[in-house]
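Analysis of the macromolecular model
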Amino acid sequence: MMCQKIRRWAALLLISCMGFSAAMPMEVLAATKPINSVSVKVSSKLEAGGKLPDIEIGGSASDRGVSVSASGSRYTVSAAEWLDKADKEITAGDEPRMKVTLTPDDVSEYYFLASYKSSNVKISGGSFVSARRDGDDLVVTLRVNGVKGHYDSPKDAYWNEKTLGEARWEKPEVSGVARKMDR
């Protein structure tokens, strides 16, 4: 008998709480303005023979360094990291891959789309690889423009006798590192 009274009181209390919470207005905050395109600027002073340096966010690259910044006014660069091995020696022509994380300045107003094409992502100082949304952020993968450096003169250059106008040569060296055969 006592158990039934407790159940009735608990049910009555639950129903009254549900009615009270349903009557209260609830405010839902959601971003309403999409960021349809993004711009990233990469400043690179990489040179052959060194290692990949830490990436600076904002500003311009220091000697043999790399910096990355956002060119848009609704988002900023919150993180940047190399996807290639940092201990690998850089050679002329290398295009190291970088992952850049962009964060909206005001997540209650602006949001990134689920994915972006190369036509929606402008990369200055590099080339677009991919972009995907990660929570509120956008993660852009890019390749930094080719590293400057000099190749040694080719060794044993000759014309290919089977294909008219085709030249061949042995592997040149770059900063003491052998490179693939070029044609």
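Here the structure is a predicted model, which means the values were calculated and not measured.

**Some thoughts on the overall build of the chain**
A tally of helices and strands in the chain yields one helix and 14 strands. Considering only intrachain contacts with a sequence separation of at least 6, the fraction spanning at least 24 residues in the chain is 56%.

**Describing the nonpolar core**
With 27 residues, the main nonpolar core has M98 and L102 as its most contacted residues. Taken together, the elements giving at least two residues each to this core come down to β2 (38-44), β4 (66-70), β5 (75-82), β6 (97-104), β7 (110-112), β8 (121-124) and β10 (137-144). By residue number, the principal contributor to this core is β10, which donates four residues. The contacts of M98, once residues within four sequence positions are left out, are V42, I55, V66, V68, E81, W82, L83, V140, T141, L142 and V144.

**Some points on the sheet that holds β8**
Strand order in this open sheet of four strands is β3-β4-β2-β8, and the pairing throughout is mixed. The open sheet has two edge strands, β3 (55-57) and β8, and neither has a second partner. Ignoring which end each strand starts from, the neighbouring axes of this sheet average 20° apart. With four bridges joining them, β2 and β8 adopt parallel strand pairing. Bridged to S39 within β8 is K122.

**Structural notes on the sheet that holds β10**
If you walk across this open sheet you meet the four strands as β5-β6-β10-β9, and the pairing is antiparallel. Strand pairing shows two members of the sheet lacking a second neighbour, β5 and β9 (126-134), which therefore form its edges. If you compare each strand with its neighbour and ignore which way they point, the axes differ by 25° on average. Bridging between β9 and β10 involves eight bridges; their strand directions are antiparallel. Within β10, the position partnered with S130 by the bridge is T141.

**Focus: the pattern of salt bridges**
Under the defined criterion, the tally for this structure stands at five salt bridges. A salt bridge links K99 to E81; the shortest N-O distance between them is 3.9 Å. Of this pair, K99 sits in strand β6 while E81 sits in strand β5; the two residues are 18 residues apart in sequence, bridging distant segments of the chain. Given a relative accessible area of 42%, E81 falls into the partly exposed group. Between R97 and D84 there is a salt bridge, with the nearest N and O atoms lying 3.3 Å from each other. Here D84 lies in the loop between β5 and β6 and R97 lies in strand β6, a separation of 13 residues in the sequence. We classify R97 as partly exposed; its relative accessible area is 28%. Relative accessible area serves as the criterion here: at 24%, D84 is assigned to the partly exposed category.

**As for the pairing of strand β11 (residues 155-159)**
In terms of residue burial, β11 counts as a barely covered element, since only zero of its five residues are buried. In the sheet, β11 pairs with strand β12 (residues 167-170) via three bridges, with the strands oriented antiparallel. Residue pairing for β12: W159 is matched across the bridge by A167.

**A short note on the environment of S37**
With respect to the helices and strands, the residue S37 is situated in the loop between β1 (33-35) and β2. Residue S37 is classed as partly exposed on the basis of its relative accessible area, which comes to 39%. Sequence separation between S37 and F112 is 75 residues; the distance between their C-alpha atoms is 8.8 Å. Discounting residues that sit within four places of it in the chain, S37 has contacts with Y75, Y116 and N120.

Cut-offs and rules
- Residues numbered from 1 in each chain as written.
- Predicted model: local features only at pLDDT ≥ 70, side-chain atom pairs only at ≥ 80, totals over all residues.
- Heavy atoms only, no water.
- Helix = DSSP H or I, 4+ residues; strand = E, 2+ residues; numbered from the N terminus.
- Contact = heavy atoms within 4.5 Å.
- Core = buried A, V, L, I, M, F, W, Y, C linked by side-chain atoms within 4.5 Å.
- Buried < 20%, exposed > 50% of the residue type's maximum accessible area, 1.4 Å probe, protein only.
- Pairing = 2+ DSSP bridges.
- Axes fitted to C-alpha atoms, helices over the stretch in contact; angles between N-to-C directions.
- Salt bridge = Lys/Arg side-chain N within 4 Å of Asp/Glu carboxyl O.

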